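Each chain, written out:
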Amino acid sequence: MPDTVFLNLLKTDKNQAFRHLMKEYQNRVLHIAFPFTGNSADAEDITQEVFIKIFNNIEKFRGMSKLSTWIYRITVNTCKNFTMRTKKTVPLNCNIPAALNISEDNGIRDVLHEAISRLPFNFKSVIILKDIEGKTRNEISEILKCRPGTVDSRLFRARNLLKKKLKLVFRPEEIYAMQ
Amino acid sequence: MLCSKIKLLLNKYIDFEITAPEIQNLLKAHLARCSSCRKYYKSLRSLKNILAAYENISAGADLEKKILDQTINRKSQFSGQQMLFPHYHFFSGALAAVALIALLYSISLFKIEQSPIDEYLLGKAITENADLFNNDKKNIIASAFY
């Protein structure tokens, strides 16, 4: 549904507009929250929190930015609050090999979770929005309210850090097998 | 161009965010002659492949219901309470009005009680100091009070 149609629906029937928005964005919000938290229960809690915030503030959306940008911004901020509450982020200079808890049974997702969860928040958010959600740099800069150049440099550093972490887990032949 | 700048551009290139053909050609030419950047690009491609294989989760069956219970349905529940007590707002407004009237009435009573005393004191002052009263009314009233 285009944003203008959504805004018209919002004026006539708030509940209907919210239901529509929830159906469209429920999984997208969850897909951002899940890599941030690393477990489905926390991701669902964050998703609920995000939609409660959206419901309580839906009238404030005037269409100045894209609806998706507005929702993603709320999601990232909620994830940030969650991270600050739980303090799960490990400092950048942590001992990476010892910190990663990788067993033979772990799938790629678990390995990635472990590696992504140990990134600092700013790096984590650009990796999730760019490489998992497929947002453009301009969209990410709007969501995070920073310059596109900042997104570039964060992404560059985040990818370098993530590569270092994953290099310790995957052998080159495993990586090439994924291509 | 420096390899550090090329590496930054390669990050954009791998995301298909470099559309200008001249920059694309510049990068290709650089990769053809720089083994370090070639290695970097390869590792970047591998990382993209790993992240592309990332499996996300699906929403639980009751997530939608949980959200609705805390948003739309919660508000409806509140509306339901209003339905049980439809005159609640009218009564609370009426109660406030009665309280305001009572307050104003008590203030007016207080003023009424004050006025006979004033009159008495003033009368007393007039009889006792009739001459002075004619000369200076303000001084007489003051003497009656203090």
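Note that the coordinates shown come from a computational prediction; the quantities given were computed from them, not determined experimentally.

Quick notes on the rules
Residues numbered from 1 in each chain as written. Chains lettered and ligands numbered in written order. Predicted model: local features only at pLDDT ≥ 70, side-chain atom pairs only at ≥ 80, totals over all residues. Heavy atoms only, no water. Helix = DSSP H or I, 4+ residues; strand = E, 2+ residues; numbered from the N terminus. Buried < 20%, exposed > 50% of the residue type's maximum accessible area, 1.4 Å probe, protein only. Contact = heavy atoms within 4.5 Å. Areas by Shrake-Rupley, 256 points an atom, 1.4 Å probe, with all protein chains shown as cover. Phe/Tyr/Trp six-rings, centres within 6.5 Å; stacked < 30°, edge-to-face > 60°. Polar contact = N/O pair within 3.5 Å; in protein donor to acceptor, adjacent residues only side chain to side chain. Core = buried A, V, L, I, M, F, W, Y, C linked by side-chain atoms within 4.5 Å. Salt bridge = Lys/Arg side-chain N within 4 Å of Asp/Glu carboxyl O.

(A) Representation of the overall build of chain B. A count of helices and strands for chain B gives eight helices and zero strands. Here chain B holds 146 residues, and 21% of them are scored as buried. Of the contacts made within chain B by residues no fewer than 6 positions apart, 44% connect residues no fewer than 24 positions apart. Split by element, the accessible area of chain B, about 10,700 Å² in all, is 63% carbon and sulfur.

(B) Highlighting the packing of aromatic side chains. The tally for this structure, following the rule as stated, stands at six aromatic pairs over all chains. Judged by centre distance (4.9 Å) and plane angle (70 degrees), the rings of phenylalanine 18 of chain A and phenylalanine 55 of chain A are edge-to-face. On the criterion of sequence distance, the pair formed by phenylalanine 18 of chain A in helix α2 (residues 14-37) and phenylalanine 55 of chain A in helix α3 (residues 40-57) is long-range, its members being 37 residues apart. By the burial criterion, phenylalanine 18 of chain A is buried, and phenylalanine 55 of chain A matches it. Judged by centre distance (6.2 Å) and plane angle (45 degrees), the rings of phenylalanine 156 of chain A and tyrosine 40 of chain B are tilted. With phenylalanine 156 of chain A in helix α9 (residues 148-167) and tyrosine 40 of chain B in helix α3 (residues 35-52), the pair connects residues from two separate chains.

(C) Summary view of the side chain of glutamine 48 of chain A. The topology assignment puts glutamine 48 of chain A in helix α3. At 2.4 Å, the side chain of glutamine 48 of chain A forms a polar contact with the side chain of glutamine 70 of chain B. When residues no more than four places from it in sequence are discounted, the contact partners of glutamine 48 of chain A are Leu63, Lys66, Ile67 and Gln70 of chain B.

(D) The arrangement of the nonpolar core in detail. Residues and elements named next belong to chain A. With 61 residues, the main nonpolar core has Phe18, Leu21, Phe51, Ile54 and Leu162 as its most contacted residues. When residues in this core are grouped by element, the largest group, 11 residues, is from α2. In this structure, isoleucine 54 is in contact with Phe18, Leu21, Trp70, Ile71 and Ile74, ignoring residues within four places of it in sequence.

(E) Quick look at the pattern of salt bridges. In this structure the tally under the stated criterion is 18 salt bridges over all chains. A salt bridge links arginine 137 of chain A to aspartate 15 of chain B, with the nearest nitrogen and oxygen atoms 3.0 Å apart. Linking arginine 137 of chain A in helix α8 (residues 137-144) with aspartate 15 of chain B in the loop between α1 (3-14) and α2 (21-33), this pair reaches from one chain into another. Across the pair, aspartate 15 of chain B and arginine 137 of chain A agree in class, each one buried. Each of Lys130, Asp131, Arg137, Asp152 and Arg159 of chain A together with Lys12, Asp15, Glu17 and Lys48 of chain B takes part in a single network of salt bridges with overlapping partners.

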